[in-house]
Amino acid sequence: MDNKIEVLREEIRQRLASVKDLSELDKARVEYLGKKGSITALLKGMKDLSNEEKKTFGAEVNKLKGAVAKRIEERIEELKKLQIEAEINAMPQFDITAPADLDRGSYHPITLVQRQCETIFKSMGFTVEDYPEVVTDYECFESVNIPKHHPARDMQDTYYLENGQLLKSQTSAAQNAILKKYGKRLKENGVPIKAIFPGRCFRNEATDASHENTFFQMEGMMVDRDISISNLIFFMKTMLSEVFQRDVKVRLRPGFFPFVEPGFELDINCEICGGTGCSSCKHSGWLELCPCGMIHPNVLREGGIDPDEYTGFAFGLGLTRLAMMKYKVKDIRDLNSGSLKSLAQFTDDDN
Ligand code: FA5
C-alpha cells in the first residue's frame, strides 16, 4: 500500500510541474483531490486494512493530500505570474523616444474651464478642495439631508460597489467633510468657510445632447455670519461674467434640493442657439447650469455648525455643461468621445 502512495506522489509531482495553464491545473486538481480523484480513492480503499494499518496508511494519505493542495496553490500563483508576463510580452512595444505624430497636446475643454473657475474663485478667497470619487451613502446623501428612501434619490441613481460604497452622483457629497474641516477655524477665529470642490460625478442616465453618465460638477460653499442670497447672486454673476468675459443671460427660478432652503435653479440662455431653441437645450432656449441656495440648517448642524449663529450658500455648477456652453459644443457626449481631432481644437490660448 505504501508503494501506491509513493507512485502516486511521484505521478502528481510530475503532472503538476508540467501543467501549462490554470485550466490544466484545475483538471489535475479534480483528478487527484476531487470526489472521484485518485487520492480520495486511496482513502476509500482502506476498508480492507487492519485498524493499525488504517492508522498509518490514513495518516500518510492525508499528508499527501495536504502537500498536493499546497503545491496546487503554489502553482496557481506561478501560472498567474507567467500569464501576466506573457500578456505584457504580447503587447506592442512602444519606442518612447520616437517623435510624436501630433504637433502638441492640448488640455481637455473641461480642464480648461475648471482651471479658469478655480482661478476666479481663488482670487475671491476660496480654497480648492479635492475629494474622492468613491464615497459612502452618508457622504453623498444622508449628511446632506437626503435620508434613505427619500424621493430625491431617484434622480441620482448611481453605481454601487459590493461593499455599499458608491460613485458620487453629486459633488455635494463633500459638503459635510468641508464643514467639519473648516468649522473649528470659523468658530474659534471667525474665518469664513469659502471652498470650491470640483469633481467627477456619475449617474445612471439615459444620455442625450445635455446628459452624460459621467460628468463634472464644481461645488462651492460659503459659510459665515449673515450670509444671504445677495452674496450668492454676487458670486454666481462674477463667476459667469469672468468665464465668458461678457455678460451672459441667466435666469433664477425656484428649485428643490433637500440640502438648501430656499433653493434655486440657475439656467443659462443657450449659447448654441442664442435662446431660440435647439437639441442642446431641448428646444427650451435655456440650460440648467448651476443650482444653488441657502444651506439647509440640518446640513449645517450635521457638519457641526450652529445654524442659529451661521448661515451660508452652496452651489453645484455643471462644469461639463459650462464647457459645452463656453466652447459651443452642441452635444455633451462629444466631450467624452476621446476624439483627438475635435478635442485638439481647444488650447490654453482659448482662455
Ligand atoms: C445637484 O447635483 C446638486 N447637488 C446641486 C446643488 C448643490 C444644488 C448645492 C444646491 C446646492 P443637479 O442634479 O441639478 O443638482 O445637478 C447640478 C448640475 O450638474 C446641473 O444643473 C447640470 O449642469 C449638471 N448635471 C446634472 N446631471 C448631469 C448629467 N447627467 N450630465 C451633465 N451634466 C449634468
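Because the structure is a prediction, the values reported are computed rather than measured.

1. Comments concerning the environment of Ala152
No. 1: Tracing the backbone shows Ala152 in the loop between helix 6 (137–140) and strand 3 (166–167).
No. 2: Sequence-wise, Ala152 and Thr111 are 41 residues apart; in three dimensions their C-alpha atoms are separated by 29 Å.
No. 3: Once residues lying within four places of it in the same chain are set aside, the contact partners of Ala152 are Ile146 and Pro258.

2. Re the domain arrangement of the protein chain
No. 1: Domain parsing of the protein chain yields domain 1 (2–90) and domain 2 (109–350).
No. 2: Computed from C-alpha coordinates alone, the two centres of domain 1 and domain 2 are separated by 59 Å.

3. A look at the packing of helix 5 (residues 109–123) against helix 8 (residues 229–244)
No. 1: Running from amino to carboxyl end, helix 5 crosses helix 8 at an angle of 130 degrees, the nearest separation of the two axes being 10 Å. With respect to their mutual orientation, helix 5 and helix 8 come out oblique. In the packing of helix 5 onto helix 8, the handedness of the crossing is right-handed. The segment helix 5 lies against helix 8, with Gln116, Cys117, Ile120 and Phe121 engaging Phe235, Met239, Glu242 and Val243.
No. 2: Considering only residue class, the contact of helix 5 with helix 8 consists of 6 nonpolar, 1 polar and 1 charged.

4. Examining the packing of helix 5 against helix 10 (residues 319–326)
For any two helices packed against each other, one specifies the inter-axial angle together with the distance between the axes.
No. 1: The N-to-C vectors of helix 5 and helix 10 enclose an angle of 105 degrees; their axes lie 9 Å apart at closest approach. Considered as vectors, helix 5 and helix 10 are oriented roughly perpendicular to each other. Across the interface between the two elements, Pro109, Ile110, Val113, Gln114, Gln116 and Cys117 from helix 5 touch Leu319, Thr320, Leu322, Ala323 and Lys326 from helix 10.
No. 2: Its residues assigned to classes, the contact of helix 5 with helix 10 shows 7 nonpolar, 3 polar and 1 charged.

5. Section: the site of the ligand
No. 1: Around the ligand sit 25 residues, and of these Gln170, Ser172, Arg203, Glu205 and Glu212 come closest.
No. 2: One nitrogen or oxygen atom from the side chain of Gln170 is found 2.6 Å from a nitrogen atom belonging to the ligand.
No. 3: Between Glu288 and the ligand, the recorded distance is 3.2 Å, taken from a backbone N or O atom to an oxygen atom.
No. 4: Considered on its own, the ligand offers 680 Å² of accessible surface; in the complex 95% of this is hidden by protein.

6. Points about the layout of surface pockets
No. 1: Considered as a void within the structure, the largest pocket measures approximately 880 Å³ in volume.
No. 2: Lining the largest pocket are 42 residues; nearest its centre among them are Arg203, Glu265, Glu288, Pro291 and Arg321.
No. 3: Every element with two or more residues in the lining of the largest pocket is listed here: strand 5 (214–224), strand 7 (260–269), strand 8 (286–288), strand 9 (292–295), strand 10 (311–318) and helix 10.
No. 4: Residue composition of the lining of the largest pocket, by class: 20 nonpolar, 14 polar and 8 charged.
No. 5: The space that makes up the second largest pocket amounts to roughly 180 Å³.
No. 6: Together, 13 residues line the second largest pocket, and Ile233, Met236, Lys237, Val250 and Leu266 are the ones closest to its centre.
No. 7: Of all the secondary-structure elements, those providing two or more residues to the lining of the second largest pocket are helix 8 and strand 6 (250–254).
No. 8: Taken together, the residues of the lining of the second largest pocket break down into 9 nonpolar, 1 polar and 3 charged.

Conventions we followed
Residues numbered from 1 in each chain as written. Predicted model: local features only at pLDDT ≥ 70, side-chain atom pairs only at ≥ 80, totals over all residues. Heavy atoms only, no water. Helix = DSSP H or I, 4+ residues; strand = E, 2+ residues; numbered from the N terminus. Contact = heavy atoms within 4.5 Å. Domains from an automatic or database assignment. Axes fitted to C-alpha atoms, helices over the stretch in contact; angles between N-to-C directions. Parallel < 35°, antiparallel > 145°, perpendicular 65-115°, else oblique. Left-handed = near helix turned anticlockwise from the far one by under 90°. Nonpolar A, V, L, I, M, F, W, Y, C, P; charged D, E, K, R; others polar. Near = heavy atom within 4 Å. Polar contact = N/O pair within 3.5 Å; in protein donor to acceptor, adjacent residues only side chain to side chain. Areas by Shrake-Rupley, 256 points an atom, 1.4 Å probe, with all protein chains shown as cover. 1 Å grid on protein atoms, 1.4 Å probe; cavity = no way out; pocket = protein on both sides within 12 Å on 5 of 7 lines; lining within 4 Å. Points joined across faces, edges and corners; volume = space filled by probe spheres on them.

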